[in-house]
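Close look at the chain arrangement
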Amino acid sequence: MAAAVSDRIATLSAGGGLVFGCDYNPEQWDRSVWPEDVRLMQQAGVGLVAINIFGWSSINPSRGVWDFSALDEIIGLLHAAGIRINLGTGTASPAPWLTAAHPEILPVGEDGTVFHPGGRQAYCPSSPIFRDYAAEVVTRVVERYGDHPAVSLWHVSNELGCHNALCYCTTSAAAFRGWLRERYDDDLDALNRAWGTTFWSQRYSSFDDIDVPAQALSLRNPGQILDFHRFSSDEQLALYRAEAAILRERSDVPVTTNFMVTAHIRNLDYWTWAGDMDVIANDHYLDRRLDDPRGELSFAADLTRGLAGGAPWLLMETSTGAVNWQPYNLAKAPGELRRNIAAHVARGADGICFFQWRASTQGAEKYHTALVPHAGEDSDQWREVVELGGLLDRLGEVAGTRVEADAAVLFSWESWWAIENEGRPSEGVTYLGQLHAAHAALSDAGITTDVVRPGADLDGYRLIVVPALHLITDDEAAVIARAVENGAVALITFQSGIVDEQDRVRTGGYPGAFRDLLGIRSEEFAPLVPGQTVALTDGSTASVWSERFKTTDAEVVAAFADGPAAGGPALTRRTAGAGEAWFLATQPSRDDYRALIARLAETAGVAPIPGATREIEIVRRSNGTDSYLFVINHGDSDAEISLVGHDLVTDAPATGLVPAGAVRIIKEDV
Amino acid sequence: MAAAVSDRIATLSAGGGLVFGCDYNPEQWDRSVWPEDVRLMQQAGVGLVAINIFGWSSINPSRGVWDFSALDEIIGLLHAAGIRINLGTGTASPAPWLTAAHPEILPVGEDGTVFHPGGRQAYCPSSPIFRDYAAEVVTRVVERYGDHPAVSLWHVSNELGCHNALCYCTTSAAAFRGWLRERYDDDLDALNRAWGTTFWSQRYSSFDDIDVPAQALSLRNPGQILDFHRFSSDEQLALYRAEAAILRERSDVPVTTNFMVTAHIRNLDYWTWAGDMDVIANDHYLDRRLDDPRGELSFAADLTRGLAGGAPWLLMETSTGAVNWQPYNLAKAPGELRRNIAAHVARGADGICFFQWRASTQGAEKYHTALVPHAGEDSDQWREVVELGGLLDRLGEVAGTRVEADAAVLFSWESWWAIENEGRPSEGVTYLGQLHAAHAALSDAGITTDVVRPGADLDGYRLIVVPALHLITDDEAAVIARAVENGAVALITFQSGIVDEQDRVRTGGYPGAFRDLLGIRSEEFAPLVPGQTVALTDGSTASVWSERFKTTDAEVVAAFADGPAAGGPALTRRTAGAGEAWFLATQPSRDDYRALIARLAETAGVAPIPGATREIEIVRRSNGTDSYLFVINHGDSDAEISLVGHDLVTDAPATGLVPAGAVRIIKEDV
Amino acid sequence: MAAAVSDRIATLSAGGGLVFGCDYNPEQWDRSVWPEDVRLMQQAGVGLVAINIFGWSSINPSRGVWDFSALDEIIGLLHAAGIRINLGTGTASPAPWLTAAHPEILPVGEDGTVFHPGGRQAYCPSSPIFRDYAAEVVTRVVERYGDHPAVSLWHVSNELGCHNALCYCTTSAAAFRGWLRERYDDDLDALNRAWGTTFWSQRYSSFDDIDVPAQALSLRNPGQILDFHRFSSDEQLALYRAEAAILRERSDVPVTTNFMVTAHIRNLDYWTWAGDMDVIANDHYLDRRLDDPRGELSFAADLTRGLAGGAPWLLMETSTGAVNWQPYNLAKAPGELRRNIAAHVARGADGICFFQWRASTQGAEKYHTALVPHAGEDSDQWREVVELGGLLDRLGEVAGTRVEADAAVLFSWESWWAIENEGRPSEGVTYLGQLHAAHAALSDAGITTDVVRPGADLDGYRLIVVPALHLITDDEAAVIARAVENGAVALITFQSGIVDEQDRVRTGGYPGAFRDLLGIRSEEFAPLVPGQTVALTDGSTASVWSERFKTTDAEVVAAFADGPAAGGPALTRRTAGAGEAWFLATQPSRDDYRALIARLAETAGVAPIPGATREIEIVRRSNGTDSYLFVINHGDSDAEISLVGHDLVTDAPATGLVPAGAVRIIKEDV
């Protein structure tokens, strides 16, 4: 698929290089502004423009009324200017007349709250009424524009499931029952077993008695909650598939939708979605609520590349500066935009698109920055955008190259749902927290990493990191064991392998799925409270978790020196076949985690990229012939790194100097 | 109006001096207590008593049943004792039979929660059923007592909108649609433009499709929210007007209702209400949740005087000690009651009334202090009340005098709603936070300040402070520009002038409405996170906000020395006509803000009151002939201030000594 | 009753000694596991097993369908092994078919949220539909197993009211009205007086207009809330009584249900329940959210013994290690399980049962520890359980002995509800906070304490502590006064005696009910904010509260040296008859509180147990002949204590050494 995808992305860029694009909402502006918009797009080199994303109330202002005149004009203008179009199906939010006529399509919260229109996505994803009306919109759009030469990509809906992923209305409940009948093959006993309904008198005697896991008085059935997550992801995917089917029947243009691989979205299992996308596209914004926003960016970019199977992908939305939906919407620091964009491209993006073209003056996102700021053309922000366009243009030759990694991190949305279910051992254990810690340790150590799905082929990976992979099937666990047998080094961390696909605890000693591989047998969790740290006998410190376990066939590399598991092992190693399986029962400090990864990498024969540190992010993209080294100095000090080649940023021979805050993209001498 | 208002207030006081009053709920007590109450009122000098505020269930205990016997008796007792009556219309909370018979009048929250009876104000303000029944109550009351010689003031309902200002029921939604049709002259396109409904597919094709901005899944349309605030304030005002019309048709006694100009109430735009009041009355309680409760008191008192157009006003409710509705209901410190009351009178109050006469032993406010405490007559609290009565009596000659101010602060409820709307740049920016900071700086610098409405005539003000006036019309902005041209010094702070009356961002560079006046052009907001401070090149420190802007026709007085806008201007000055326009792009520390105000005051030729500091509050009231200096020492140290005249507190010639915690009210020698 | 209860408990233990038991949910496991379970039970000495607690959906899987086959088999297996059965009535949670067929039985929250099935207790306690179906379940169970020789105890429902105590549905509202008619003898005026409905226009003209105190816009009527608490406790008790009546009609086996005397449950007034229990049984888990979890355990155990009238009781549920429903479910430290169990037995438990036998692999509590952990038999946890079984066996002779105490603490659920009602002086005053502080001071001083109900006979108690007993009747207060007259020393702390049984403040000076006894007259509360401390003139420090009061007939023992009541008394003493009445107007630091208690104990002639400290918990159980000293070293250091006798823990002669973390249970030499 990879080559094909590269080709597909290449068609989205005027020059066949990297895509530079944006969302464009011309309906917010007077027609007199439109030609000005096109002029500025050309000035900056914007080559791909997404339109009609929220077009419903414009093209279908009331029931049965259709008005494509404005859209015709916009498409004409863009086409005349040689700008390609990423055409939205227009179904991202229903027009007000629809929800007014059919309030029964409004989504309902866990506690029964009906969510009203006024924002966006005010519909139940399972609603047949919504689906029918949306299908008509898509059909009208594709019939009108499916053959238009400027239309280069179909943009189904928008950020599907961003807000309405979990709906608890009666329509959703009926759909859930239908989904369960299918999953369990109409076998109620199978469902009762899967959910463990003998607990708390929950055994069902009829599928008709099953409800969504709405708010209850106490902890709820975790199996029901887990299946509701699976159902909810599938319902959103079904919305995509329904639209994609309509489009593909009538158009040959590639189809996609924008994913949200980012810290605060967790309801969509994109592993099950990726195969339906002709191009993987992701929306990503720095989340300033995190301790390490740019670390999250790097992880998300690697995961997006994983969804693309290693092939290039599109950053479909990002911001030039502050967003508007966080508590404190910080401006980007000088050079931060360039560093962010470089990190995305370094990790496989072949296109960078922004939300949005021109900053709105009204509506909920009027304080979201854009390519053209409120201040207009005569502004530092616009000048930075033009510069960025130039850089992307110079980087054109990078398009189609790939990131090579010897290390892999396993990631699973199902595990995320399972590990953060109700009634868990510790609220201090968050799935992303563990993933981010592991990914940061790898990055700090200069190890480029793929992010892969449990069960994925691990051939070629010499270092495999499995952080807190709570839910895993036996077959998926076996893939890891085989990789170790074949010579890989695997680091498996606490809370991995605890439950099977039904969220059923494996008995006989944790971590059930990995007990034999690791040569350990764990008896009791001993989580730490916030602020609590423990010391390990190797001098490292750790937090979040400890555990009482014994080795059965492993070497104790470090033990807990204090804390609730004092005296017991903390880090163990077992040689298995040609490889090694390590277990880590706590979360080391950032530096200690980096040191551990460095040690494992050395054992595994994985060479770090020279010069990479916590502050200096370095990633290489290459193809059979050429290679490009992306060097990003996130720190406050200049760095000296050995670089040989041509710097595409300065368009000059590379020197070793990477000034504080600077980006260097070196076409390396072969 | 001013003179007339003074006269009106004078009629409320037995001696024509300051009013000393209270709420009185005799129905909570056995009849045997009533004569005792009257005796104690006379002992303390209480001259105005508010009754029947929550009378509905007493005078109209069930549908169609009316019983005025107790009220007749109370009125007779008070009248016989020469005590004047502030007669409540009795509609503040419906009787239980009404909500039981008509549950559809219950108010509904944003998330659909129906609010039950059990507290107070359990009605939808737009309910025609409630309005009809309330009208009958008012009519019965005025017909019975409208000519009674003791009745001196009509007290419409009570704290209108304190709890039920924002109702999201279907009745409210219908009323909202009606209000919108009127506001937009039945022009749906005008509404669509005003709300920017092209964003997120929100364009309406019928007024019937519009709903209240109830809970949504995402950020909501800010224009809809802003108009809903306007509507909600208007609906409460309509309740007032309906009752006032009934009263005025049948009685010549002045009509008012008690405002809540205080930190935690923001839903009523009292600028639009003030003209309907025969006397401005305010309820104020120290809010111990604030960092500076008494600073808020001073600001609220100045704002109340602004609502009265500079004329005297009534403090209609306050407490002798702790209230019962804050998390920690602190007792007042020794002398604090006197200091609070002195601050109110200093800033224009011609009357001080308390909630309530006798501390309840039951009900939700039984731990709210009162004039007569639970301990009864033999108590320090009662003795302090009697002393306070004596002081108010001695201060009688102050009645009718006015506060003179050369400085004005602009304040707007619409701006409050707009700046704290959803999706804003920073939750760290609160409107009151900015107002309080500016007012404290003025007060600390000894500058007495009026608080005025945007658009108000600014003639006579030499110093004009415009803190965070986010929403302002072009015409209102022009008034400020003209004042500067005519010689005033204006300080305009960040986030001012950003949006127009439709909450639409002015493009071309912030702050749109003041860009030319200030000679600056701002491109990007750069808010600070909590706890973050920045240094300015003039040595001051600041927090909350910074901004990236350039001067176009202004002098940089201070620049940001660090932080996200480092190197750019922070404080600028532009000479415009005979005046100066300053822009402040951050919130200085309290001392630095004071120093800045002192500098501006000097430039403006506004002389501070000698001796005023952060701890020593000094305000002057005067008329053509006499002047009274109120000196309040809030600090822990004695102060020496040059005072010449007669001290009405000690009833002795003034000395310069103002002991820690003491109040001095000096009738100044001419 | 005591002797009878001891006998009853003795029948639950195989050997007539202490009971060792657990909850057993065999339906969660394959039949092949059951014989293994029985074998392990015998290994550990488990003698009493609770089954069928959540049996409804198993024995009555759909309407009208009954299936007792599995239960028959389980009972047979246990009986054959000589294990006694604590038979659940099976009604703890309705089967899914019932709530699906009758969604009107679902409980409703304060804000109208309908609570869905998915957890447990998803029923309105007042629902006649639920009650009818539950009665049929109980009837079927008792008819089938009432005469079975293994059935030794009836376990009605489970943790009644744990989640569904407060239901706000219309069925509950109707039941509440019925309950009110009965309470007030159909006299509406009496209700209006009791609730003080003249406040805020709340006077009722018909019982039909009264509602539950659902969510309101403002503070609600506290009298209504208090009565709703009483009603809600009574409704849960009615559920118990209905089942108990069915059981007793058909079976001679003792009947009980498991109480939840623990920090986070406050809706059941167990003083009114205790008389209906044939054996008092309590569920207790360490609450790690508290500052002092094991202090709470000791208090709860003493209170449970108080509910048993001093007789032995059963710990019906506890955990071997972590639970799963707290934010951070900490493992027990080494030896902590033994220390916890020893504390329960020391304070009167004659049986220790665990939730649950075998750790679940599914359902909401799969991470709750159990006797048989996930790791299985070969685990430290299981070995510790077997050891514990041995210890309990050796302690058999303790059964039937009693704790002797010269001190009593008064405790009242009604006071808890009243003092934490809305609109109170300070949210910093929590009832349990005050109880725990007083109990810890007593325990730290080595004073063993009974916890008794207001109004209980106080004969024999020389030291009586009355912490924050906000609501008390005159008669109950008189009992305390008489005890003092007769020679006891009473310590009454702030907020005691403020209101009567109608939550009506007693006027004339706080604390009304104790004013004369204490010889003080308090005028004003002066609560402290969190983190604020005040100094007393005796050198102690205190927090939470201060108060402005005067002595009328008492000696000032210590005054406030600073803070809002500086200069006024803080601690007073009045000699009354043969005793002394002390008033404490603040909460001393833990050490200062201990010192105060030690002083009072000395005055009262109550001798502390030698060696007891904050870290060394010591309690004695005895009968006419033998006495047993329980010594628990909670500290990190070894202790030396004078002990003479035989140590049942080590089965060796006692030495004085009590190692850090160790337990010693000494059969004392006479």
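Here is what the cut-offs are and how they apply
- Residues numbered from 1 in each chain as written.
- Chains lettered and ligands numbered in written order.
- Predicted model: local features only at pLDDT ≥ 70, side-chain atom pairs only at ≥ 80, totals over all residues.
- Heavy atoms only, no water.
- Helix = DSSP H or I, 4+ residues; strand = E, 2+ residues; numbered from the N terminus.
- Rg over C-alpha atoms; globule rule 2.2 N^0.38 Å.
- Buried < 20%, exposed > 50% of the residue type's maximum accessible area, 1.4 Å probe, protein only.
- Areas by Shrake-Rupley, 256 points an atom, 1.4 Å probe, with all protein chains shown as cover.
- Lys, Arg positive; Asp, Glu negative; His and termini not counted.
- Charge placed at Lys NZ, Arg CZ, Asp CG, Glu CD.
- Least-squares fit on C-alpha atoms with pLDDT ≥ 70 in both.
- Phe/Tyr/Trp six-rings, centres within 6.5 Å; stacked < 30°, edge-to-face > 60°.
- Lys NZ or Arg CZ within 6 Å of the ring centre and 35° of its normal.
- Contact = heavy atoms within 4.5 Å.
- Buried area = accessible area lost by both parts, 1.4 Å probe.
- Salt bridge = Lys/Arg side-chain N within 4 Å of Asp/Glu carboxyl O.
- Polar contact = N/O pair within 3.5 Å; in protein donor to acceptor, adjacent residues only side chain to side chain.
- Nonpolar A, V, L, I, M, F, W, Y, C, P; charged D, E, K, R; others polar.
- Pairing = 2+ DSSP bridges.
- Axes fitted to C-alpha atoms, helices over the stretch in contact; angles between N-to-C directions.
- Domains from an automatic or database assignment.

Let's shift gears to the overall build of chain A. Looking only at helices and strands, chain A features 18 helices and 29 strands. For 670 residues, the compact-globule estimate of 2.2 N^0.38 gives 26 Å, and chain A sits close to it at 26 Å. With the C-alpha coordinates of chain A rotated into their principal frame, the extents come out at 75 × 70 × 40 Å. Residues counted as buried form 66% of the 670 residues belonging to chain A. When the accessible surface of chain A is split by element, carbon and sulfur atoms take 47% of a total near 20,900 Å². One finds the centroid of the 53 positive side-chain charges in chain A at a distance of 1 Å from the centroid of its 90 negative side-chain charges.

On to the relation of the copies chain A and chain C, then. Overlaying chain A with chain C gives an RMSD of 0.0 Å, the required rotation being 120° about an axis along which the chain moves by 0.0 Å. The transformation relating the two chain copies, once decomposed into turn and shift, fits a three-fold axis. Relative to the rotation axis, the closest C-alpha in chain A is found at Thr113(A), a distance of 4.9 Å.

In this section: the packing of aromatic side chains. Applying the stated criterion across every chain, the model contains 99 aromatic pairs over all chains. Consider the rings of Tyr270(B) and Trp273(B), whose centres lie 5.4 Å apart with planes at 85°: the pair is edge-to-face. Of the two residues, Tyr270(B) and Trp273(B) are both situated in helix 10 (residues 270-273); the distance of three residues between them amounts to about one turn of the helix. Trp273(B) shares its class with Tyr270(B); the two are buried. Ring-pair connections join several aromatic residues into one group, and the members of that group are Phe259(A), Tyr270(A), Trp271(A), Trp273(A), Phe299(A), Phe411(A), Trp413(A), Trp416(A) and Tyr431(A). Cation over ring: Arg358(C) sits above Trp29(C), and NZ or CZ is 5.5 Å from the ring centre.

Now for the interface of chain A and chain C. Every contact between the two is made by 55 residues of chain A and, on the other side, 55 residues of chain C. Buried area between chain A and chain C, both sides added, is near 4,600 Å², and the carbon and sulfur share of it is 54%. Linking chain A with chain C are two salt bridges. For the salt bridge of Lys550(A) with Asp380(C), the shortest nitrogen-to-oxygen distance reads 2.9 Å. For the pair chain A and chain C, the number of links is 26 residue pairs in polar contact (both at pLDDT 80 or more). It is strand 15 (residues 520-525) of chain A that provides the largest number of residues to the side of chain A that touches chain C, a total of five residues. The residue inventory of the side of chain A that touches chain C, partitioned by class, reads 21 nonpolar, 19 polar and 15 charged.

A few words now on the sheet that holds strand 29 (residues 663-668) of chain B. All names here are of chain B. Strand order across the open sheet formed by six strands is 10-23-24-29-26-27, with antiparallel pairing between neighbours. On the outer flanks of this sheet lie strand 10 (402-403) and strand 27 (652-653), each paired with one strand and no other. Across three bridges, the pairing between strand 26 (residues 645-647) and strand 29 is antiparallel. Paired with His 646 across the bridge in strand 29 is Lys 667.

All names here are of chain A. In space, the seven strands of this open sheet follow the order 12-11-13-14-21-20-19, with mixed pairing throughout. On the outer flanks of this sheet lie strand 12 (449-452) and strand 19 (555-559), each paired with one strand and no other. Adjacent strand axes in the sheet meet at a mean angle of 20° when their direction is disregarded.

Moving on: helix 8 (residues 188-195) of chain C. All names here are of chain C. Along helix 8, six of the eight residues are buried, which leaves the element largely enclosed by surrounding structure. Within the span of helix 8, buried status applies to Leu 188, Ala 190, Leu 191, Asn 192, Ala 194 and Trp 195. Tucked inside the fold, the buried residues of helix 8 contact helix 7 (170-183) and helix 9 (222-250). Regarding helix 8, its N-cap is Asp 187, as a side-chain oxygen of that residue lies 3.0 Å from the backbone nitrogen of Asp 189 further along. Backbone geometry just after helix 8 places Gly 196 at a positive phi near 60°.

Residue and element names in this part refer to chain B. A cis amide bond, omega -20°, links Tyr 510 with the succeeding residue Pro 511. You can see Pro 511 is positioned in the loop between strand 14 (489-493) and helix 17 (515-518). One non-glycine residue with positive phi stands out, namely Ser 157, at about 45°. Turning to its location among the elements, Ser 157 is positioned in the loop between strand 4 (151-155) and helix 7 (170-183). Its relative accessible area of 2% is what places Ser 157 among the buried residues.

With that settled, consider the domain arrangement of chain A. Residues and elements named next belong to chain A. In terms of domain boundaries, chain A breaks down into domain 1 (2-165 + 252-400), domain 2 (407-604) and domain 3 (616-668). Just the C-alpha atoms count here: the centres of domain 1 and domain 2 sit 37 Å apart. Tallying the contact residues gives 20 residues for domain 1 and 18 residues for domain 2. Both faces combined, the contact of domain 1 with domain 2 buries some 1,700 Å², and carbon together with sulfur accounts for 59% of it. The largest contributions to the domain 1 side of the interface with domain 2 come from Arg 266, Trp 271 and Phe 299, which together make up 45% of the buried area. For the pair domain 1 and domain 2, the interface holds three salt bridges. Between Glu 420 and Arg 266 there is a salt bridge whose closest N-O contact spans 3.2 Å. Seen at the junction of domain 1 and domain 2, the total is nine residue pairs in polar contact (both at pLDDT 80 or more). Listing elements by their share of the side of domain 1 that touches domain 2, those giving two or more residues are helix 10 (270-273) and helix 11 (293-307). Looking at which element gives the most residues to the side of domain 1 that touches domain 2, the answer is helix 11, with nine residues. For the side of domain 1 that touches domain 2, the class distribution of residues is eight nonpolar, five polar and seven charged.

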